[in-house]
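Observations on chain architecture
Residue strings, one per chain:
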Amino acid sequence: MTMDFNALSEAIIKGNMDAAMQETQKALDSGSIPQAILDQGLIAAMDIVGQRFSQGTMFVPQMLRSAKTMQSCVALLKPQFQAGTISSKGTVAMGTVKADLHDIGKNLVGMMLEGAGFSIIDLGVDVSPEAFVQVVSEKSPQIIGMSALLSTTMPSMTATIQALIKAGLRDKVKVMIGGAPVTARFADDIGADRYAPDAGSAVAAAKELVP
Ligand code: B12
């Protein structure tokens, strides 16, 4: 069935957690597809939050409230994305790069990958190149996934790849990158293996990287 998610988006933008969670549950109960709730309700709302922040009509505290509200709604959707695959397709170590604290996108990508049967090592936010190198040397994930939401933190992706090369580990791991300011061109330039624009295509990319 189709439905519009305006009330849900509005509640996310206002940071009204109770209303947003109720709207998410209502959408699930009425048979809306979880992916549609995520894309058209939650992510669409965060885009508007970003635009209002750029225009100077919303500020960091409100942005944070919207982010927390979104995260609570994502938690309600999470069970819907767990496919119940038992055998692991491979391990992905996911982190938001150094000096960057945005983790909603990284968490969504991790959640979708988990749903598709990958094991996730969540390194959290503000992850230094050294920390990525350490996880590769100690845990041997097949893929590392780096997220950056700030143009100022994208160079940390370059630094991480350089650090992997220096440690002699670059050929031991595939590197996947993403985040709003990141592009396929940038991925090519810095020698990453893949860029993906959203969580769905991140799953497809990971499956290609670890066939
Ligand atoms: C929420 C938010 C915050 C929250 C973050 C809370 C949290 N726990 O994450 C808070 C309030 C903390 C915050 C702080 C700041 N923010 Co902010 N924030 C946002 C906002 C509104 C939404 C981000 C988001 O969660 N989007 C929803 C998710 C689902 O989308 P996504 O992250 O892009 O992820 C998807 C894809 O990119 C991809 N993806 C993401 N990661 C990865 C990784 C891999 C491996 C792959 C394959 C794919 C992938 O898949 C995801 C799912 O589909 C954006 C605006 C925007 N529309 O992006 C601004 C934005 C990113 N912030 C911005 C700024 C400027 C800041 C601050 C500097 C503000 C300040 N003056 O203090 C600080 C920096 C703090 C820091 N050091 O990191 C700017 C960045 C401008 C730029 N290009 O550099 C933006 C674009 C807002 C704007 N329009 O100006 N922010």
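To be clear, the structure that these remarks concern was listed above.
Just so it is clear, the structure is predicted and the values come from calculations on it, not from any experiment.

With that settled, the discussion passes to the overall build of the protein. When you go through the protein residue by residue, the secondary structure sums to nine helices and five strands. When the helices and strands of the protein are placed in sequence order, the string is α-α-α-α-β-α-β-α-β-α-β-α-β-α. Compactness check: the protein gives a C-alpha radius of gyration of 18 Å against a globular reference of 17 Å for 211 residues, within 12% of the reference. Overall, the C-alpha framework of the protein stretches about 50 × 45 × 25 Å when taken along its three principal axes. Looking at the protein as a whole, 44% of its 211 residues are labelled buried. Expressed as a percentage of contacts within the protein between residues at least 6 apart in sequence, the contacts between residues at least 24 apart total 73%. Here the protein has roughly 10500 Å² of accessible surface; of this, 55% comes from carbon and sulfur atoms. Between the mean site of the 17 positive side-chain charges and the mean site of the 20 negative ones, the protein shows a separation of 3 Å.

The next subject is the site of the ligand. Around the ligand, a shell composed of 37 residues is seen, among which S54, L101, H102, D103 and S147 lie nearest. Here an oxygen atom of the ligand sits 2.9 Å away from a polar atom, N or O, in the main chain of S151. Here a nitrogen atom of the ligand sits 3.5 Å away from a polar atom, N or O, in the main chain of G179. Of all the elements in the fold, those that place two or more residues in the shell around the ligand are α3 (34-55), α4 (60-81), α5 (104-115), β3 (143-147), β4 (174-178) and α9 (199-209). Here the shell around the ligand gets seven residues from one element, more than from any other, and that element is α3.

This part covers the side chain of K106. Along the chain, K106 turns up in helix α5. Ignoring anything within four residues of it in the chain, the contact list for K106 reads M94, G95, T96, D122, G124 and S147.

Calculation criteria
Residues numbered from 1 in each chain as written. Predicted model: local features only at pLDDT ≥ 70, side-chain atom pairs only at ≥ 80, totals over all residues. Heavy atoms only, no water. Helix = DSSP H or I, 4+ residues; strand = E, 2+ residues; numbered from the N terminus. Rg over C-alpha atoms; globule rule 2.2 N^0.38 Å. Buried < 20%, exposed > 50% of the residue type's maximum accessible area, 1.4 Å probe, protein only. Contact = heavy atoms within 4.5 Å. Areas by Shrake-Rupley, 256 points an atom, 1.4 Å probe, with all protein chains shown as cover. Lys, Arg positive; Asp, Glu negative; His and termini not counted. Charge placed at Lys NZ, Arg CZ, Asp CG, Glu CD. Near = heavy atom within 4 Å. Polar contact = N/O pair within 3.5 Å; in protein donor to acceptor, adjacent residues only side chain to side chain.

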